[in-house]
Amino acid sequence: MKLRKQVTVCGGAIFCVAVFSLYLMLDRVQHDPARRQNGGNFPRSQISVLQNRIEQLEQLLEENHQIISHIKDSVMELTDTGAVSPSGHLPFRSANGSWVLPFDGRPTFLAVKPQDCQFAVGRNGQADVQMLDVYSLLKFDNPDGGVWKQGFDITYDPDEWNSDPLQVFVVPHSHNDPGWIKTFDKYFTDQTQHILNNMVVKLAEDPRRKFIWSEISFFSKWWETADIHKQEAMRKLILGGQLEIVTGGWVMTDEANVHYFAMIDQLIEGHQWLERNLGITPRSGWAVDPFGHSATMPYLLKRANLTSMLIQRVHYSIKKHFASTRSLEFMWRQAWDSGSSTDIFCHMMPFYSYDVPHTCGPDPKICCQFDFKRLPGGRINCPWKVPPKTVVEANVAERAHLLLDQYRKKSKLYRSNVLLVPLGDDFRYDKALEWDQQYINYQKLFDYMNSHPEMHVQAQFGTLSDYFSAVYKKHGVAQGSRPADYPVLSGDFFAYADREDHYWTGYFTSRPFYKSLDRVIESHLRGAEILYSLAVANARHAGMEGRYPVSDYALLVDARRSVGLFQHHDAITGTAKENVVIDYGTNWIRQDRGIICISPYLSSPPPPLSATPTSSCAYDCFFPLLSNRYLVLFNPIEQERLCAVTVLVNTVRVRVLTEDGQTLPVQLSAQWSSASQMMVFYPLFNFHPLLGMSLVLNCFVFPGVDGYSIDITTMVDIRDQTNKELAMRLVTDIQSGDVFYTDLNGFQMQPRRLHLKLPLQANFYPMPSQAYIQDSSHRLTLHTAQSLGVSSLESGQLEVIMDRRLMQDDNRGLGQGLKDNKRTANRFRLLLESRSTGNKMMDSATTSFPSVLSHMTNAILNHEVLALPILPKRRGIPPLQTFAPLKSILPCDFHLLNLRSIQSQDPQSPSAHTALILHRLALDCGLEAQNLGFNCTTTQGQVSVPTQAIKKSNKWRWVL
């Protein structure tokens, strides 16, 4: 009772001081002699200053009110228990024997500055083309377009190039999947190494020959096995402009299921390899095979200093629409960008595929005749029954005019007289014969075209950046700038359909076991990166660098590359053969064990950089188990947290102590060996237990973030089903209509609409981290720890596909069904929020943002406290201590994406540099604020970083 009175008096005093300060300021203004001389007329500028000060005082009063309210609530919670914590911080037992979570004497409050809410208010980018509108506009019918089945007949005036000749760049390429039908290593052995070996020889034979390459995972493996002469020859080709590295990621990443942590990490790994070994930075992006395209990718490429990009797998109706309006090239802008800082020039390929029959022009029957690998006598031929012909003097004129007709028709779909014509397919150019067949025959065609001015064409081999540079030059603009009259587009390109009603949406869920495991290992990798960087930095700071085993850095590098490899668009998607998936998993487990093996060296870290008491973004707790086992607990998020940590033990006699001997509360739960032994069911969902899904709900009674959402775990097992998809449906009375929201790669939210004109499968979208529905009063968010497919098929509903089992092939090249299902635990957090009555900030039609509570909920779900076992080197208790590396917690609208040690020239050891990657989170402040359990403040985007820790670079500026 005494404490309650003290808090009340303190709060009243704060309020009185604030009000009295306001009174004094107003009184001073009113009685200022200078103002009296002016007859009481205030200049407008002074009135404006006064208004601003009043607004600031009002804001301070509101913050004080929130602080007092939170203090009062905390005191009420404490006094209601009738107990007092002996330490003031740790949970303790009350008189009746129950555990109590104490009030620790520190007020917790939410102090988000109004300026930090402005980003989410009215963020409507100025786009000419908004993909939400395009989906509403199109009929999505599929009339026969003639030779271009999914398009229309293209005509042209033969004289229209007389004054401005057509400029054609034929870009040879080979798409190398790091795992699909074969494993990564098998592909390399059988094909990829031969492609790169032949490249060194064949490109050098003629300086007019060009080529592009994308996957650094393969390229680095070849480099490590090549002798110094091959390496130098390859470096010469790159620096001489004959070979261009495009995108430069470790893989050509999927864009639906991947988390932006992994997207960035694999991009950094590839770019760092290129910079260290070749001294180059990619300029252009190349994504011909991901099954749909996310708006996150152009943003990341732009931040990585790429100026242009290319995409291919887009719904055929959208391609047709863009072709008819000559909008296949555009500036891709983020929907929340009110300016143009996120713009990147994007080229969309117009036809069905990236293979040769669908790249020279609209008629695949003709284009196939110019794929000279299909010459009679080879292993593949043209399905249209008209084979290619070797180009000789007798037929070169006829062949050149036939090909030019296709070039001209394709160019009519774009806004310039510069034309891109890719020349390649999966694992092409693995034989020296194909290099000769393609390059020699095409060079004869180019020579003929270029030597006949009446054809009004200039044709040559080129790289992707050669093409983009020519477009910019044609329009008289700088690299990456918007040419006049080119449209600006916002939105994404999901869901993808390649023909008829064949929508590629099942892969949003396929093989959920591996999707879930991917996210766990990503979190482990991020934790290891942060701990390693802190340990090495502190060892160097304390002059103990020689004692720290920096050779462990090789484990981190291997783990990065293993995680990066799985982001490939046939890996995390679940679209590879069964033996390939097993290979990914085997490699994964080996690398995950490697990064966890780093932890013993972190058991006795040097003191923090500051000896003063600190709050921590890595709040570690250390405690021994009764059986003389020890754990290091690492909190990998930026904020302090109070949460339950689960560890497996083999006895019921367990006592948990802190490093200074204080007892922590424990709850023992039985570990059931099968779902049939225990089936927990809560009637919150339309649920069919016969289909093999058990569901467990946990409501944690904690102050702070963990206590506001329901923890959901579903154990899914459909191995006894045939051609079934299992869904979980949430049914509410929220009046959401036909609008719902899904995230893109955990980076941003994308509004969706239910389109009844489309088939059911077309209305599902990827959900890498969350989806929500809302109305004017409430928002319900389903946070997920693994990527799955989601939709809202009725107002007030969310429907998630949990697993799927197919007994037959889908005729897309895999040659098998999806029958290797595993018993899978899918984890979620369900968060219900109320909209503030004083601030009904509704989302725009094109943007939406989570609340600060929602951001934090997603963080605790995807980054659990890591429990790392410690094996003492000698008898007795190891010298463990709490380690807090930061002087203060980060602002709560910042997420520490990674703290990544940079490789030195020796790839097995770190350099002196570390990459700090921060993401400033956009907040929807129109949802009621909650007590988050820590002091949540924002700083208008400002973060204090010691100047000695900053190294300027024009190549990597990762503040998202």
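Structure first, text after, so check above.
The sections below set out a description of the structure shown in this document. (Residues numbered from 1 in each chain as written. Predicted model: local features only at pLDDT ≥ 70, side-chain atom pairs only at ≥ 80, totals over all residues. Heavy atoms only, no water.)

## Observations concerning the pattern of salt bridges
Side-chain pairs of opposite charge can arise whenever the charged atoms involved come near each other.
Working step 1: One pass over the structure, following the stated rule, counts 42 salt bridges.
Working step 2: Put simply, Lys-373 and Glu-434 hold a salt bridge, and the shortest N to O gap is 3.7 Å. In this pair, Lys-373 is assigned in the loop between α11 (364-367) and α12 (396-411) and Glu-434 in helix α13 (residues 432-450), connecting sequence segments 61 residues apart.
Working step 3: Note on Lys-373: relative accessible area 19%, which makes it buried.
Working step 4: Where Arg-729 meets Glu-799, a salt bridge forms, and the shortest distance between an N and an O atom there is 2.6 Å. Placement of the pair is Arg-729 in strand β22 (residues 724-731) and Glu-799 in strand β29 (residues 797-805), with a sequence separation of 70 residues. (Salt bridge = Lys/Arg side-chain N within 4 Å of Asp/Glu carboxyl O. Helix = DSSP H or I, 4+ residues; strand = E, 2+ residues; numbered from the N terminus. Buried < 20%, exposed > 50% of the residue type's maximum accessible area, 1.4 Å probe, protein only.)

## Focus: the sheet that holds strand β4 (residues 129-130)
Working step 1: Spatial strand order, β4-β14-β10-β11-β9-β8: six strands in an open sheet with mixed pairing. At either margin of the open sheet sits one strand with a lone partner, and together these are β4 and β8 (284-287).
Working step 2: Across four bridges, the pairing between β8 and strand β9 (residues 308-311) is parallel. Along β9, the bridge assignment pairs Ser-284 with Ser-308. (Pairing = 2+ DSSP bridges.)

## Overview of the environment of Ile-311
Working step 1: Among the structural elements, Ile-311 can be located in strand β9.
Working step 2: Take Ile-311: its relative accessible area is 0%, and that puts it in the buried class.
Working step 3: Considering only alpha carbons, one finds Ile-311 and Pro-290, 21 residues apart in sequence, at a separation of 8.6 Å.
Working step 4: Once you skip the residues sitting within four places of it in the chain, Ile-311 turns out to touch Ala-287, His-293, Phe-330, Trp-332, Cys-346, His-347, Met-348, Met-349 and Phe-493. (Contact = heavy atoms within 4.5 Å.)

## Things to note about the nonpolar core
Working step 1: Counting 171 residues, the largest nonpolar core has Phe-219, Phe-322, Tyr-407 and Phe-493 as the members making the most contacts within it.
Working step 2: When neighbours within four sequence positions are excluded, Phe-493 is seen to be in contact with Met-131, Gly-292, His-293, Ile-311, Val-314, Ile-318, Phe-322, Phe-330, Trp-332 and Met-348.
Working step 3: By size, the runner-up hydrophobic cluster in this structure holds 22 residues, among which are Ile-212, Val-418, Phe-468 and Tyr-486. (Core = buried A, V, L, I, M, F, W, Y, C linked by side-chain atoms within 4.5 Å.)

## What about the side chain of Thr-784?
Working step 1: One can find Thr-784 in strand β27 (residues 778-784).
Working step 2: In this structure the side chain of Thr-784 is engaged in a polar contact, spanning 2.6 Å, whose partner is the backbone oxygen of Gln-786.
Working step 3: Every residue in contact with Thr-784, bar those within four places of it in the chain, is listed here: Arg-519, Met-767, Pro-768, Ser-769, Gln-770, Arg-827, Phe-828, Leu-861 and Asn-862. (Polar contact = N/O pair within 3.5 Å; in protein donor to acceptor, adjacent residues only side chain to side chain.)

## Structural notes on the side chain of Glu-434
Working step 1: A relative accessible area of 2% means that Glu-434 is categorised as buried.
Working step 2: A polar contact is formed between the side chain of Glu-434 and the side chain of Arg-428, at a distance of 3.0 Å.
Working step 3: When near neighbours in sequence (up to four residues on either side) are disregarded, Glu-434 contacts Lys-373, Arg-428 and Tyr-429.

## Comments concerning the pairing of strand β5 (residues 166-175)
Working step 1: The element β5 is extensively covered by neighbouring structure, given that nine of its ten residues are classed as buried.
Working step 2: In terms of strand pairing, β5 meets strand β13 (residues 457-461) through five bridges, oriented parallel. When the bridges of β13 are listed, Val-168 appears paired with Ala-459.
Working step 3: Direction of pairing for β5 relative to strand β12 (residues 418-426): parallel, over a ladder of nine bridges. Among the inter-strand pairings, Gln-167 is bridged to a residue of β12, identified as Val-418.

## Some words on the packing of aromatic side chains
Working step 1: For the structure on display, the rule yields 45 aromatic pairs.
Working step 2: Considering the side-chain rings of Phe-119 and Phe-849, the 5.8 Å spacing of their centres and the 70° angle between planes classify their relative orientation as edge-to-face. Residue Phe-119 is located in the loop between β3 (110-111) and β4, and its partner Phe-849 is located in the loop between β30 (824-834) and α18 (852-862); the two are separated by 730 residues in the primary sequence.
Working step 3: Ring pairing ties together the aromatic residues Phe-211, Phe-370, Phe-372, Tyr-429, Trp-435, Tyr-439, Tyr-442, Phe-446 and Phe-461, which thus form one cluster. (Phe/Tyr/Trp six-rings, centres within 6.5 Å; stacked < 30°, edge-to-face > 60°.)

## A short note on α13
Working step 1: Taking 1.5 Å per residue, 19 residues should reach 27 Å; α13 reaches 27 Å between its end C-alpha atoms and fits that length.
Working step 2: Every buried residue of α13 is listed here: Glu-434, Trp-435, Gln-437, Gln-438, Tyr-439, Asn-441, Tyr-442, Gln-443, Leu-445, Phe-446, Tyr-448 and Met-449.
Working step 3: Taken together, the buried residues of α13 touch β5, α5 (184-204), β6 (211-213), α12, β12 and β13. (Expected span 1.5 Å × (residues − 1).)

## Focus on the state of the cysteines
Working step 1: Within the structure shown, the criterion is met by four disulfides.
Working step 2: Put simply, Cys-360 and Cys-367 are joined by a disulfide, and their sulfur atoms are 2.0 Å apart. Linking Cys-360 and Cys-367, the disulfide has an S-S dihedral of approximately -90° and is accordingly described as left-handed.
Working step 3: Relative accessible area serves as the criterion here: at 0%, Cys-367 is assigned to the buried category. (Disulfide = S-S within 2.5 Å.)

## Looking at the environment of Gly-179
Working step 1: Along the chain, the position of Gly-179 falls in the loop between β5 and α5.
Working step 2: Sequence-wise, Gly-179 and Tyr-584 are 405 residues apart; in three dimensions their C-alpha atoms are separated by 8.6 Å.
Working step 3: Contact partners of Gly-179, with chain neighbours within four places excluded, come to Phe-184, Tyr-187, His-568, Asp-570, Val-580 and Tyr-584.

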